[in-house]
Amino acid sequence: MIVGNRKSLEEILDMVKPYKKILLLGCRECITVCAAGGEREVGVLASEMKMSRAKDGQEIEIKEFALERQCDFEYIDQIKPFVDEYEAIVSMACGAGIQYTAERFPKKVVLPAINTTFLGVTLEQGVWAERCQGCGECILHLTGGVCPVARCAKSLFNGPCGGSSGGKCEVNKETDCAWQLIVDRLKALGQLEKYEEIIGVKDWTTSRDGGPRKRIREDLRLG
Amino acid sequence: MRINYPTSIKVIKVPCTGRVDVLTILKAFEAGMDGVYLAGCLEGECHFLKGNLRARKRVNYAKQLLKEVGIEPERLEMYNLSSAQGQRFAFIANEMAEKIRALGPSPVKKAQDAFKA
């Protein structure tokens, strides 16, 4: 899922300084799983904001609302009946959701409360780690299910660099060396000969490097 | 035991301190409480095994949030005691009440009162 973390209270309060009535919009998908912008975090942020503003002698009215998702207009439209009563929307969705809400209500100020970071997985409750960079051409079948694009600091394609030491990356002693993981995995799968097959130069045009991407399925389009 | 403890303490019973959520604590401060403390089982003796350990972690997290807001984190504390320790219960109640009295009213409450004035 998409993982992010909440901006500091200071930064958020600075953004909402001119407003007295705001809509705090959470999302029940990825950002709930990584405990950054779900219903509970919306409650926590609203409480913090109310207390802080009360301390500074400036009241603020906050409506807390959590949408199923903020990446589909059908869901964002659930706020249509009351959105005009608020001066600004503070969105706790991922970057995609924040933008889509702004697209749906172009005359409304939409502010981000989340710093969206990576595509990742839950290692244990409370710990999430990056696994995918969305490069658009998956080679996990060649690397025993470990991605060298996302998990290698240099995105190397044919083995570790000289900085791999004790199975760890030289960038951070807590980061596993992706190629160590790949070799271990290929060994476990009995596919070590794949390690010797050279993976060619990557065509990065399928990734973000080729420009903002779009996917279309004509058979699903209505009308 | 008939040991006295300050009348300024309002007791809210929960089956385990692990039941207490970060939001519950924040809402108490939002409502104008000057101090909040959790009294849970001794570590290692939680009836539900780890509830009190989770509560301690949540209290630590909530302290950070309070600091962000500008409320002294000492207004929130986690205590561990056995349900048989009546004297310790009273001791904790007195200690917390004294500490809060020394800190004064919560900055949120002062501001809220200023609004109503």
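Residues numbered from 1 in each chain as written. Chains lettered and ligands numbered in written order. Predicted model: local features only at pLDDT ≥ 70, side-chain atom pairs only at ≥ 80, totals over all residues.

**Points about the overall build of chain A**
Rules: Starting at the N terminus, helices and strands are each numbered in turn, a helix being any DSSP run of H or I of at least four residues and a strand any DSSP run of E of at least two. Partly exposed residues are those whose C-beta has more than 12 but fewer than 20 other C-beta atoms within 10 Å; 20 or more makes a residue buried and 12 or fewer makes it exposed, with C-beta atoms placed from the backbone. A pair of residues counts as a contact when their C-beta atoms, built from backbone coordinates, are separated by no more than 7 Å.
Helix and strand counts for chain A come out as nine helices and nine strands. Taking all 223 residues of chain A together, 32% fall into the buried category. Nonlocal contacts in chain A, meaning residues at least 24 apart in sequence, comprise 57% of its contacts between residues at least 6 apart.

**Things to note about the overall build of chain B**
Rules: As a reference, a globule follows 2.2 Å times the number of residues to the power 0.38, and the radius of gyration itself is taken over C-alpha atoms.
Counting its regular elements, chain B contains four helices and two strands. Ordering the α and β elements of chain B from the N terminus gives α-β-α-β-α-α. Relative to its length of 117 residues, chain B is compact, with a C-alpha radius of gyration of 15 Å against a globular reference of 13 Å. Along the first, second and third principal axes, the C-alpha set of chain B runs to 45 × 30 × 20 Å. Residues classed as buried in chain B amount to 28% of the 117 residues present.

**Points about the packing of helix H1 (residues 22–30) of chain B against helix H2 (residues 51–69) of chain B**
All names here are of chain B. For clarity, the threshold we go by: What counts as an axis is a line fitted to C-alpha atoms, over the stretch in contact for a helix, and the angles between N-to-C directions run from 0 to 180 degrees. Oblique is the label for any angle not under 35 degrees, not over 145, and not in the 65 to 115 range, which are roughly parallel, roughly antiparallel and roughly perpendicular in turn. Helix crossings get a hand from a simple test, with the near helix turned counterclockwise from the far one by less than a right angle marking a left-handed crossing and a clockwise turn marking a right-handed one. Under the convention adopted here, Pro, Cys and the residues Ala, Val, Leu, Ile, Met, Phe, Trp and Tyr are nonpolar, Asp, Glu, Lys and Arg are charged, and Gly plus all remaining residues are polar.
The geometry of H1 relative to H2 is characterised by a closest axis approach of 9 Å and an angle of 40° between their N-to-C directions. Classified by the angle their axes make, H1 and H2 are oblique. For the pair H1 and H2, the sense of crossing is right-handed. The residues of H2 that touch H1, namely those facing Val22, Ile25, Leu26 and Phe29, are Arg58, Tyr61, Ala62, Leu65 and Leu66. Residues of the contact of H1 with H2, tallied by class, amount to eight nonpolar, no polar and one charged.

**Some points on the interface of chain A and chain B**
It is common to give the size of an interface as the accessible area lost on bringing the parts into contact. Of the residues lining the interface, 13 residues belong to chain A; the matching set on chain B comes to 17 residues. Tallying contributions element by element places helix H3 (residues 39–55) of chain A first for the side of chain A that touches chain B, with ten residues. Residue composition of the side of chain A that touches chain B, grouped by class: four nonpolar, four polar and five charged.

**Remarks on the sheet that holds strand E7 (residues 127–132) of chain A**
Sheet strands associate in pairs through backbone hydrogen bonding, adopting either a parallel or an antiparallel arrangement. Residues and elements named next belong to chain A. What counts, and what does not: Here a strand pair is declared whenever DSSP counts at least two bridges between the two strands.
Here we have three strands laid out as an open sheet, ordered E1-E6-E7, and antiparallel in their pairing. Edge positions in the open sheet fall to strand E1 (2–6) and E7, since each of these has one partner strand only. For this sheet, the mean angle separating the axes of adjacent strands, direction not counted, is 70°. Across five bridges, the pairing between strand E6 (residues 114–124) and E7 is antiparallel. Following the sheet pairing, Leu119 is matched in E7 by Cys132.

**Quick notes on the nonpolar core**
Residue and element names in this part refer to chain A. Selection rule: Buried Ala, Val, Leu, Ile, Met, Phe, Trp, Tyr and Cys residues whose C-beta atoms connect them within 7 Å together make up a nonpolar core.
Membership of the largest hydrophobic core comes to 57 residues, with the highest contact counts inside it found for Leu24, Leu25, Ile31 and Met92. Here the element with the most residues in this core is H3; it accounts for seven residues. Residues Cys147, Cys169, Cys177 and Leu181 belong to the second largest nonpolar core, which totals ten residues.

**Quick word on the environment of Cys177(A)**
Residues and elements named next belong to chain A. Looking at the element boundaries, Cys177 is found in the loop between strand E9 (172–176) and helix H8 (178–189). In this structure the C-alpha to C-alpha distance between Cys177 and Gly167, which are ten residues apart in sequence, comes to 5.4 Å. When residues no more than four places from it in sequence are discounted, the contact partners of Cys177 are Pro160, Ser164, Gly167, Lys168 and Cys169.

**With respect to H1(B)**
Restricting attention to buried positions, one finds in H1(B) the residues Leu23(B), Ile25(B), Leu26(B), Ala28(B) and Phe29(B). Just downstream of H1(B), Gly32(B) is the residue with a positive phi angle, here 110°.

**Here's the deal with unusual backbone geometry**
Peptide bonds are mostly trans, and most non-glycine residues show a negative phi. All names here are of chain B. Of note, the phi angle at Arg2 is positive, near 55°, even though the residue is not glycine. For Leu49, which is not glycine, the phi torsion reads 75° and is therefore positive. Here Leu49 is to be found in the loop between strand E1 (36–40) and H2.

**Things to note about the sheet that holds strand E5 (residues 109–112) of chain A**
Residue and element names in this part refer to chain A. The strand order E3-E2-E4-E5 describes an open sheet built from four strands, whose pairing is parallel. With partners counted over all chains shown, the strands left at the sheet margins are strand E3 (61–67) and E5, one partner each. The mean inter-strand angle of the sheet, taken between neighbouring strand axes irrespective of direction, is 25°. Bridge analysis of strand E2 (residues 21–27) against strand E4 (residues 88–91) gives four bridges, and the strand direction is parallel. From the neighbouring strand, Leu23 faces E4, where its bridge partner is Ile89. Packing of H3 onto the sheet brings it into contact with E2 and E3, and relative to E3 it is tilted by some 170°.

**Structural notes on the packing of H3(A) against H1(B)**
At a closest axis distance of 10 Å, the pairing of H3(A) and H1(B) adopts a crossing angle of 20°. If you check the angle between H3(A) and H1(B), you find them roughly parallel. In this structure, the crossing between H3(A) and H1(B) has a hand that is left-handed. Residues Arg40(A), Gly43(A), Val44(A), Ser47(A), Glu48(A), Lys50(A) and Met51(A) of H3(A) form the contact with H1(B), whose own contacting residues are Val22(B), Leu23(B), Leu26(B), Lys27(B), Phe29(B) and Glu30(B). Here the residues of the contact of H3(A) with H1(B) sort into six nonpolar, two polar and five charged.

**Focus: the confidence of the model for chain B**
Close inspection of predicted coordinates is inappropriate for parts of the model with low pLDDT. Let me state the cut-off plainly: A residue's pLDDT is the predictor's confidence in that residue, given on a scale from 0 to 100.
Per-chain confidence: chain B averages 93 in pLDDT, with 97% of residues scoring 70 or above. In the predicted assembly, ipTM is 0.89 and pTM is 0.91.

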